[in-house]
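Each chain, letter by letter, is given below.
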Amino acid sequence: MRGPIHLLLIWLGVTSALAFVLFGWDKLLAKRRRRRVPEAALLGCALLGGGAGGLLGMAVFRHKTRKPLFRFLVPLGLCAQAALLVWAALWGAGP
């Protein structure tokens, strides 16, 4: 596995891990009543490749699950990232 799809998989993996950690960190800060991770950072990370980690973080940490913006945008970002991955796999196969 080489080329653009390999780089895309690395990007999605790293940003998903980062999103997962950010959701967990924000939940911990919320419990301790400390200064929080900005919502824009959480959404931005999830939309820029971390959709899987963001969705997993929402489920595992039960965090931001009541916010309509998160309930809509994080799964939408994951779907867009999955579509991009499929497109890259098909485009990368080529003739």
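Here's a quick rundown of the structure. Note that this is a predicted model, so its numbers are computed, not measured.

1. Topic: the overall build of the protein chain
The secondary structure content of the protein chain amounts to 4 helices and 0 strands. Moving toward the C terminus, one meets the helices and strands of the protein chain in the order α-α-α-α. Scored against the burial criterion, the 95 residues of the protein chain give a buried share of 31%. Of the contacts made within the protein chain by residues no fewer than 6 positions apart, 72% connect residues no fewer than 24 positions apart.

2. Digging into a nonpolar patch on the surface
On the surface, Leu7, Ile10 and Val14 cluster together into a nonpolar patch covering about 290 Å² of accessible area. As for its position among the elements, Val14 is in helix H1 (residues 4–31).

3. Overview of the packing of H1 against helix H2 (residues 39–47)
Relative to each other, H1 and H2 sit at 155 degrees, their axes nearing to 9 Å. Taken together, H1 and H2 sit at an angle that is classed as roughly antiparallel. As H1 packs across H2, the resulting crossing turns out to be left-handed. On H2, the residues that touch Thr15, Leu18, Ala19, Leu22, Phe23 and Asp26 of H1 are Ala41, Leu42 and Cys45. Residue composition of the contact of H1 with H2, grouped by class: 7 nonpolar, 1 polar and 1 charged.

4. Section: the nonpolar core
Ranked by size, the top nonpolar core spans 10 residues in total: Phe23, Leu29, Val37, Leu42, Leu43, Ala46, Met58, Phe70, Leu73 and Val74. Put simply, the parts of the chain that give this core at least two residues each are H1, H2 and helix H4 (68–93). Residues within four places of Phe23 in sequence aside, it is in contact with Leu42, Gly54, Gly57, Met58, Phe61, His63, Lys64 and Phe70.

5. Points about the side chain of Lys64
Tracing the chain through its elements places Lys64 in the loop between helix H3 (51–61) and H4. Classification of Lys64 by relative accessible area gives buried; the value is 12%. Among the polar contacts made by the side chain of Lys64, one reaches the side chain of Glu39 at a distance of 3.0 Å. Not counting the four nearest positions on each side in its chain, Lys64 is found in contact with Phe23, Asp26, Arg36, Glu39, Leu42, Met58 and Phe70.

6. Concerning H2
Residues of H2 that are buried include every one of Leu42, Leu43, Cys45 and Ala46, and no others. Looking straight down H2, one finds its buried side chains confined to an arc of 165 degrees; they lie on one side. Downstream of H2 by one or two residues, Gly49 has phi in the positive range, about 130 degrees.

7. Thoughts on the packing of H1 against H3
Relative orientation of the contacting elements H1 and H3 amounts to 30 degrees, with a least axis distance of 6 Å. By the angle between their axes, H1 is roughly parallel relative to H3. The hand of the H1/H3 crossing is right-handed. Residue-level inspection shows Ser16, Ala19, Phe20, Phe23, Gly24 and Lys27 of H1 in contact with H3, the latter providing Gly51, Ala52, Gly53, Gly54, Leu56, Gly57, Met58, Val60 and Phe61.

Conventions and cut-offs
- Residues numbered from 1 in each chain as written.
- Predicted model: local features only at pLDDT ≥ 70, side-chain atom pairs only at ≥ 80, totals over all residues.
- Heavy atoms only, no water.
- Helix = DSSP H or I, 4+ residues; strand = E, 2+ residues; numbered from the N terminus.
- Buried < 20%, exposed > 50% of the residue type's maximum accessible area, 1.4 Å probe, protein only.
- Contact = heavy atoms within 4.5 Å.
- Patch = residues over 30% accessible without salt bridge, like charges linked within 9 Å, V, L, I, M, F, W, Y side chains within 5 Å.
- Areas by Shrake-Rupley, 256 points an atom, 1.4 Å probe, with all protein chains shown as cover.
- Salt bridge = Lys/Arg side-chain N within 4 Å of Asp/Glu carboxyl O.
- Axes fitted to C-alpha atoms, helices over the stretch in contact; angles between N-to-C directions.
- Parallel < 35°, antiparallel > 145°, perpendicular 65-115°, else oblique.
- Left-handed = near helix turned anticlockwise from the far one by under 90°.
- Nonpolar A, V, L, I, M, F, W, Y, C, P; charged D, E, K, R; others polar.
- Core = buried A, V, L, I, M, F, W, Y, C linked by side-chain atoms within 4.5 Å.
- Polar contact = N/O pair within 3.5 Å; in protein donor to acceptor, adjacent residues only side chain to side chain.
- Arc of directions from axis to C-beta.

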